[in-house]
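If you want the building blocks of each chain, they are given just below.
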Amino acid sequence: MATKTTTTKKTAAVTKKAPVAKKKTAVAADPNKLRTAIVNALTTFQKIDAAANAEIIEKLQFVIGSFDFDQNPIGLYEFGEKALPILTSIKEKNSKLVTKKVIDDLEKALAK
C-alpha cells in the first residue's frame, strides 16, 4: 500500500525593514600605525612621570595587549583619544617633555 505525501509550500511574507543606522567607528587604514603611535605615547608617559600618569599608562598597556591578542583597534582609538589631550597639555606646560612627533603621529593615526 503506497502512501501519498504532499508538501505544502509556505510563502513567507516579505517585509521591508527600516535600514539600521550603523554606529560610526573609526577605521584606520593601518591599525598597526595607531598601535605604534600609542606605544610611543606610552613610552613618553613613562618617561615623564610614571606615578602621575599611572592610570593612563595602565590603560594604554592594556589596550596594546588587547590589540595584539585580537587585532581589534577599538580600544586603541578610545584611549588614544584620551591620551592626546593629556600629552598636548603637558607639552604646553613644558615643551621639552613631549616631542611634536609623538603628538603628530597620534593625531594622524586617530584621524578619520
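Along each chain, residue indices are assigned from 1 in the same order as the chain's sequence is written. Only residues with pLDDT of at least 70 are given local features in this predicted model, and only at 80 or more are side-chain atom pairs given and counted; all residues enter the totals for whole chains, interfaces and linings. Excluding hydrogens and water, the side-chain values take into account all heavy atoms of the structure.

Considering the nonpolar core
Across soluble globular proteins, nonpolar side chains show a tendency to be buried alongside one another.
Working step 1: L34, I38, F45, L60, L76, L87 and L106 are the most contacted members of the largest nonpolar core, which has 25 residues in total.
Working step 2: Numbering goes from the N terminus for both helices and strands, where a helix is a DSSP run of H or I of at least four residues and a strand is a run of E of at least two. Going through the elements one at a time, α1 (31-49), α2 (54-70), α3 (74-93) and α4 (100-110) are the ones with two or more residues in this core.
Working step 3: If we skip the residues at most four places from it in the chain, L76 touches P31, L34, R35, I38, V63, I64 and F67. Only buried Ala, Val, Leu, Ile, Met, Phe, Trp, Tyr and Cys residues count toward a nonpolar core, and they belong to the same one when joined by side-chain atoms within 4.5 Å. Each residue gets one of three labels from its accessible area relative to the maximum for its type: buried under 20%, exposed over 50%, partly exposed in between, using a 1.4 Å probe on protein chains only. Contact between two residues is taken to exist if any of their heavy atoms lie within 4.5 Å; hydrogens are not considered.

Section: the packing of α2 against α3
Working step 1: Note on method: axes are straight lines fitted to C-alpha atoms, helices fitted across the in-contact stretch only, with angles between N-to-C directions ranging 0 to 180 degrees. Two elements in contact, α2 and α3, have axes whose closest approach is 9 Å; the angle formed by their N-to-C orientations is 150°. Compared by their axis directions, α2 and α3 come out roughly antiparallel. In the crossing of α2 with α3, the sense of the turn from one axis to the other is left-handed. Residues I56, K59, L60, V63, I64 and F67 of α2 form the contact with α3, whose participating residues are G75, L76, F79, K82, A83 and I86.
Working step 2: Polarity classes work like this: nonpolar for Ala, Val, Leu, Ile, Met, Phe, Trp, Tyr, Cys and Pro, charged for Asp, Glu, Lys and Arg, and polar for all others, with Gly in that last group. Within the contact of α2 with α3, the residues separate by chemical class into 9 nonpolar, 1 polar and 2 charged. Each angle receives one of four descriptions, namely roughly parallel if under 35 degrees, roughly antiparallel if over 145, roughly perpendicular if within 65 to 115, and oblique otherwise. Crossing handedness is defined as follows: a turn of the near helix away from the far one that is anticlockwise and smaller than a right angle gives a left-handed crossing, while the clockwise case is right-handed.

Observations regarding the pattern of salt bridges
Working step 1: Just to be clear on terms, a salt bridge is a Lys or Arg side-chain nitrogen sitting within 4 Å of an Asp or Glu carboxyl oxygen. This model, assessed by the stated rule, comprises 4 salt bridges.
Working step 2: Two residues, K82 and E78, come together in a salt bridge whose shortest N-O distance is 3.8 Å. Here E78 and K82 lie together in helix α3, a separation of 4 residues that amounts to about one turn.
Working step 3: What makes K82 partly exposed here is its relative accessible area of 44%.
Working step 4: The exposure class assigned to E78 is partly exposed, which follows from its relative accessible area of 38%.
Working step 5: Residues D104 and K100 are paired through a salt bridge, measuring 3.0 Å at the closest nitrogen-oxygen approach. With D104 and K100 both in helix α4 and 4 residues apart, this pair spans about one turn of that helix.
Working step 6: Judged by relative accessible area, D104 falls into the partly exposed class, the value being 24%.

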